[in-house]
Amino acid sequence: MNARKTRRAVLVTGGTGGIGGAVAGELRRRGARCWTGSRRLTDDPDARTLRLDVRDERSIATAIDAITARDGRLDDAVLAHGGGRFADVAALDPVAIRDDLDEHVVGTLRLLRRLRGALGRDGSIVIVGSIAATRAFPGCGSYGAAKAAQRMLALVAAEEFRADGIRVTLVHPGAVDTPLWDGREESFDRARMMPAAALAPLIADLLETPPGAHVTEVTVMPRGGVL
Ligand SMILES: NC(=O)c1ccc[n+]([C@@H]2O[C@H](COP(=O)([O-])OP(=O)(O)OC[C@H]3O[C@@H](n4cnc5c(N)ncnc54)[C@H](OP(=O)(O)O)[C@@H]3O)[C@@H](O)[C@H]2O)c1
């Protein structure tokens, strides 16, 4: 473990979710002061859990202010929020695609705007993208379009935030066994998906990248590849 990163204050969005919850658990095991932010509150023994809706700029500002008030600073962030609206393009509700765009693109933008001012010069932001950003899957027209737009937003931010010493890293997972897949009409073999507990240490490692290096994007697939 990189001692430089221990006891750092970290915000994880989507902390009530499969990936965000696993990342928060991993960071706490490594000694970080980890805060989770989502619309529901987690059952967090540390009480480092904040109500945060990525569609609501004010809730983002309030959450970040609460962290800096309690810990005196915010060092890093992992953005692991958002769901998906899955339907064939011909059946896609134009309103639904706005929800995907609002969570994954505009929500990420709202967070990045605030985080740029809040993080210090050694800060890191890891954004959970998706393999669906670069690969076409039937039923993923809305979700994939949002993830593709989120990817380019993050890549541009990665270049711009260098000026402030902040590293932005994109992680593109393949299928991860989380509640995101609950209720999907298609049948997927969830046993072949990556466990969130396998992805979480890799994301935590990215926050511990040595200071002289910057991982810009990385793809992490289930061992058996695409489902
Ligand atoms: N599972 C996969 O196969 C997979 C693969 C590639 C990428 N991803 C990406 O990984 C991220 C996390 O997905 P997951 O699999 O962990 O899904 P999940 O288990 O369904 O968790 C989603 C999380 O996002 C939060 N969330 C949803 N809308 C939000 C909003 N408006 N504001 C704040 N938080 C919100 C949810 O909490 P609340 O409901 O409490 O707000 C929940 O904590 C997503 O960006 C997803 O696209 C997932």
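Shown above is the structure to which this text applies.
Residues numbered from 1 in each chain as written. Predicted model: local features only at pLDDT ≥ 70, side-chain atom pairs only at ≥ 80, totals over all residues.

Asker: Would you mind going over the packing of helix α3 (residues 94–118) against helix α4 (residues 141–161) with me for this structure?
Answerer: What describes two packed helices is the angle between their axes and the distance between those same axes. Their axes nearest at 8 Å, the elements α3 and α4 cross at an angle of 15°. The angle between α3 and α4 falls in the class roughly parallel. Crossing hand, α3 versus α4: right-handed. Between α3, through Ala 96, Ile 97, Asp 100, Leu 101, His 104, Val 105, Thr 108, Leu 109, Leu 112 and Arg 116, and α4, the contact on the second element is made entirely by Ser 142, Tyr 143, Ala 145, Ala 146, Lys 147, Ala 149, Gln 150, Leu 153, Ala 154, Ala 157 and Phe 161. Looking at the contact of α3 with α4, its residues break down into 14 nonpolar, four polar and three charged. (Axes fitted to C-alpha atoms, helices over the stretch in contact; angles between N-to-C directions. Helix = DSSP H or I, 4+ residues; strand = E, 2+ residues; numbered from the N terminus. Parallel < 35°, antiparallel > 145°, perpendicular 65-115°, else oblique. Left-handed = near helix turned anticlockwise from the far one by under 90°. Contact = placed C-beta atoms within 7 Å. Nonpolar A, V, L, I, M, F, W, Y, C, P; charged D, E, K, R; others polar.)

Asker: Before we go on, may I ask you to explain the site of the ligand in this structure?
Answerer: With respect to spatial proximity, 28 residues lie near the ligand, and among them Gly 14, Gly 17, Arg 39, Arg 40 and Thr 178 are the closest. Examining the composition of the shell around the ligand, we find that three residues originate from one element, helix α1 (residues 18–29), more than from any other. Tallied by class, the residues present in the shell around the ligand amount to ten nonpolar, 13 polar and five charged. (Near = placed C-beta within 6 Å.)

Asker: I would appreciate a short explanation of the environment of Leu 112 in the present structure.
Answerer: Turning to its location among the elements, Leu 112 is positioned in helix α3. The spacing of Leu 112 and Leu 153 is 41 residues in sequence and 9.6 Å in space, taken between C-alpha atoms.

Asker: When you look at helix α2 (residues 57–71) in this model, what are you seeing that I'm missing?
Answerer: Since the α-helix advances by 3.6 residues per turn, residues separated by three or four positions end up pointing in the same direction. With 15 residues, α2 ought to run about 21 Å at 1.5 Å a step, and its terminal C-alpha atoms sit 21 Å apart, in line with that. Buried within α2 we find Ile 60, Ala 63, Ile 64 and Ile 67. The buried residues of α2 occupy an angular sector of 95° when the element is viewed end-on, so they sit on one face. Exposed side chains of α2 directed beyond 90 degrees from the buried face belong to Arg 58, Ala 69 and Arg 70. Looking at the buried residues of α2, the elements they touch are β1 (9–13), β2 (33–38), β3 (49–51), β4 (74–79) and α3. Immediately downstream of α2, the backbone of Gly 72 shows phi near 80°, a positive value. (Expected span 1.5 Å × (residues − 1). Buried ≥ 20, exposed ≤ 12 C-beta atoms within 10 Å, placed from the backbone. Arc of directions from axis to C-beta.)

Asker: Could you clarify how one ought to interpret the sheet that holds strand β5 (residues 119–128) in this entry?
Answerer: The sheet built from seven strands is open, its strands ordered β3-β2-β1-β4-β5-β6-β9 with parallel pairing. Two strands bound the open sheet, and with one partner strand each, they are β3 and β9 (217–220). Between one strand axis and the next, the sheet turns through 20° on average, direction left out of account. For β1 and β4, the ladder comprises four bridges, and the chain directions are parallel. Its bridge partner being in β4, Val 10 is matched across the sheet by Asp 76. The strands touched by α4 within the sheet are β5 and β6 (167–173), with β6 carrying the most contacts at an inclination of about 155°. (Pairing = 2+ DSSP bridges.)

Asker: Looking at this structure, how should I read the packing of α1 against helix α5 (residues 196–207)?
Answerer: Where α1 contacts α5, the two axes come as close as 8 Å, and the packing angle between them is 55°. Between α1 and α5, the crossing angle belongs to the class labelled oblique. Our pair here, α1 against α5, has a crossing hand that is right-handed. Mapping the contact onto sequence places Gly 18, Ile 19, Ala 22, Val 23, Gly 25, Glu 26 and Leu 27 in α1 and Ala 196, Ala 197, Leu 199, Ala 200, Pro 201, Ile 203 and Ala 204 in α5.

Taken by themselves, the reported measurements are silent on function.
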